[in-house]
Structures are given as structure tokens and as C-alpha cells.
Amino acid sequence: MEQKKLFIPGPVDVRPEVLEAMNTPMIGHRSQDASELQKRISEKLQKVFFTQNQILLSTSSGLGLMEAGMRSLTTKRVAVFSVGAFGNKWADIAKRNNIPYDLIEVDWGDPITPELVDEHLSSGKYDAFTIQHNETSTGVTNPLNKISAVKQKYPDVYWLVDAVSAAAGIKAEVDNWGIDFYLTSTQKALGLPPGFSIAAVSERAFKHAEEVEFRGRYFDILLIKKYIDKKPYQYVSTPSLPHMFALDKQLDYILNEEGLENRFARHKELRDLTHKWVMENGFEFFAKEGYRSATVTAVKNNRNISVLDLKKQMADRGYVMAPGYGKLKTDTFRIAHMADRTVKELVEYLDTLSQEIEKL
Ligand SMILES: *Cc1c(COP(=O)(O)O)cnc(C)c1O
């Protein structure tokens, strides 16, 4: 299999040291070593997410924890604020779990405004609401800091944030913003292989979950927490230990070698370089100005190029390119600039993209 560079918004290329850490010989999952590993990872993740909340690990992709959060935290009705395809997945989860919900969807490319959140939460109908920090299908980053100000007015409402394509690439202050359930997967801005996910859950969210009678088994956040409290720091079933070894390694790199603020700054630099390319090449942005993502840019296909031919040509040049997502497949294409991508790699990619567009 020929190795191609991944410019898709997950999975991402993983640093060789992290891949190597996946090969660490196995340990018993009930051992002291496993507990210490889980504790270490949790403490490092708290730093990355700016939180003291309990970290839950899950051997599942991010969607599993989305289901866990929604199932465990809705007793009344959930407001699903959506700006795209991933936002709509929360509504699908609610529907399939028989959880009462309302889908509040804005035009794709637009963000959720604090005013819209205020308007709906003020109805008193909801005890939970969901939002994406970063919508991967449209390249929109929602203004969570502003939404948090509105949310403070509703202390009985629980806030769930899907930060899958944002966490560790776009800063979120989980505690300052009052996020009750903040989740991410490993294969996006964190820069690890897929198959593992993480949530930071507030104390009051755990209390609220006690009011939910049927929370399921694998994704019951109280059962997951029980195993953390017990030893302390164990996982309910057998976790993906390779991911845990890799996380331990990668989090050291993020916190101590690159530095968290440098990592956020690099993502913005990659975004700015991508924006420059978009404008110089006669394209437009799909996302509204002021809300454009630092991890993935959705480029509007206003030049009406064949996105799928371009994808094939880029494959011949050794790259996996991302077309649009779902209904935007050929109306947009996306440029991922997340995880451990360097400026040099991005510049090379953008140059190649220009060359291949000329050949179309
Ligand atoms: C990729 C992605 C998901 C799905 O995550 P999985 O780990 O594949 O389950 C959910 N939300 C957003 C915003 C994503 O980018």
C-alpha cells in the first residue's frame, strides 16, 4: 500500500513516535500500571481542555461518546443546534434513542449565534442542548465563548459540545465556558489513529445523569465513572491500551515539546496560509467571515472545477484530498490543516493543488 499524505479532516497523519508507542507490549488492563497510565492521560487531557472536570476515556470513535452524552443527560428535551452534517448527527442520535428533541438548523456556512441559543433556551422546554465547536462539513467554528455567556442564564440546562475536529487545535476553555460534556476523538487535531475518544464531564452532569433511568450499558457515563472512582482509574471493559500508550506520548509532545499555545497558534497560521491560497486562486469561502475554522477550510467551488477529477490527480501526486461532505460533495472541497501538519507540508500541498487545478 503506497503511503499518501492525508489532507482530509481525519484520520490524520500520525507522528512516527506515536505510531511506535502503539506497539508497546501489552499490560494487564486491571494492573496498577494501567491505572497509572489512565490517571496520567486524564491529568494531561485536563490541561489541554482547560478543565478540572472528570475525563472519561472510551474505546469507540467520537460518535459513541456523542450517544453517551445525549442519552445520559437528557431527561426532558434536547435542543440540537446544527450548522451542518455533523450537527445533524446529534438529531439522528436523539431520534434513534427515542429522546425528545428539536433540530434548530441554520443555513450551512453560518454559525449558531448566542441570540439564537438564548431564544430557544428561554422557552424552558429543554434540559440539554448540543452544538459543534467546529463543523467539519462547512468549516465553521461556532462562537462558544459568546454562547457560554448566554448559557449562564440557564443553570438547569446541560451543555454538550462535539469538539471532534477542534480539540487540541482550537482552544476551548471548558471550565470557564461551563461546558458539561465536551467530547473529542483521537484521529483529528489530537493527531492519533482512530478508534478512541475522550470526554470531559462536569460534576453536575454526573448528578443529572442519575435522574435518567435507562442509560444503556457500554456508554453509561455513571458506570464509566464508577470504574474511575473504584481503584482509582480503571476502564469498564478492556480498553484500547495501544491508544492509551500513544495518547500518553502525544500529550507529552503537545504540552511539553510544542506547547499548547504554540499548537493553537500554528493552527491559525495554517488557516491563514490556506486563506491566502483560496483568494489567490480565485476561490471563495463556504463559511461566513469571522467564523472560519483553524483546522479545516471548506472552499466554495465557485470556479466549477471537477472536484472528483482533482481528487484523482492529487492521489497520483501522493495526496488524499477531501471533497465536500455529503450534499456538498462537489459544491465544495476541503483542506484540512490540523494535528501535526507543518507549514512546509501545507505549502507543498497547496502548490501541488494549484498545479493540478491548472491541468483539469
Ligand atoms: C469526525 C467527526 C465526528 C465523528 O467522529 P468519529 O470519531 O468518526 O465518530 C463527529 N463530529 C465531528 C465534528 C467530526 O469532525
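What counts, and at which threshold
- Residues numbered from 1 in each chain as written.
- Predicted model: local features only at pLDDT ≥ 70, side-chain atom pairs only at ≥ 80, totals over all residues.
- Heavy atoms only, no water.
- Salt bridge = Lys/Arg side-chain N within 4 Å of Asp/Glu carboxyl O.
- Helix = DSSP H or I, 4+ residues; strand = E, 2+ residues; numbered from the N terminus.
- Buried < 20%, exposed > 50% of the residue type's maximum accessible area, 1.4 Å probe, protein only.
- Pairing = 2+ DSSP bridges.
- Axes fitted to C-alpha atoms, helices over the stretch in contact; angles between N-to-C directions.
- 1 Å grid on protein atoms, 1.4 Å probe; cavity = no way out; pocket = protein on both sides within 12 Å on 5 of 7 lines; lining within 4 Å.
- Points joined across faces, edges and corners; volume = space filled by probe spheres on them.
- Nonpolar A, V, L, I, M, F, W, Y, C, P; charged D, E, K, R; others polar.

Colleague: I would appreciate a short explanation of the pattern of salt bridges in the present structure.
Modeller: When the charged atoms of two side chains lie near each other, side chains of opposite charge can form a pair. Under the counting rule described, the total for this entry stands at 28 salt bridges. Taking the shortest distance from any N to any O, the salt bridge between Arg 204 and Asp 180 comes out at 2.9 Å. Remark: Asp 180 occurs in the loop between α7 (174-177) and β9 (181-185) and Arg 204 occurs in helix α8 (residues 203-209); sequence separation between them is 24 residues. Classification of Asp 180 by relative accessible area gives buried; the value is 2%.

Colleague: What is the right way to look at the sheet that holds β9 in this model?
Modeller: Backbone hydrogen bonds hold the strands of a sheet together, and the pairing may be parallel or antiparallel. Spatially, seven strands are ordered β2-β10-β9-β8-β5-β3-β4 in an open sheet, and the strand pairing comes out mixed. Pairing within the sheet leaves two strands with one partner each, and these edge strands are β2 (54-58) and β4 (101-105). In this sheet, neighbouring strand axes are inclined to one another by 20° on average, regardless of whether the strands run parallel or antiparallel. As paired elements, strand β8 (residues 158-162) and β9 share three bridges and run parallel to each other. Its bridge partner being in β9, Leu 160 is matched across the sheet by Phe 181.

Colleague: Please clarify how empty space enclosed by the protein should be interpreted in this entry.
Modeller: Taking a probe equal in size to a water molecule and rolling it over the atoms shows the remaining empty space. Per the stated rule, a full pass over the model turns up two cavities of 30 Å³ or more. Around the largest cavity, the lining residues are His 29, Arg 30, Ala 34, Ser 35, Gln 38, Tyr 233, Gln 234, Tyr 235, Ser 237, Pro 239 and Met 244. No other element matches helix α2 (residues 32-49), which puts three residues into the lining of the largest cavity. A breakdown of the residues in the lining of the largest cavity according to their chemical character gives five nonpolar, five polar and one charged. Roughly 30 Å³ of volume is contained in the second largest cavity. In terms of lining, the second largest cavity is formed by Gly 139, His 275, Phe 285, Ala 287, Arg 292, Ser 293, Val 296, Thr 297 and Ala 298. A per-element tally of the lining of the second largest cavity places strand β12 (residues 296-300) first, with three residues. Classifying every residue of the lining of the second largest cavity by side-chain character gives four nonpolar, four polar and one charged.

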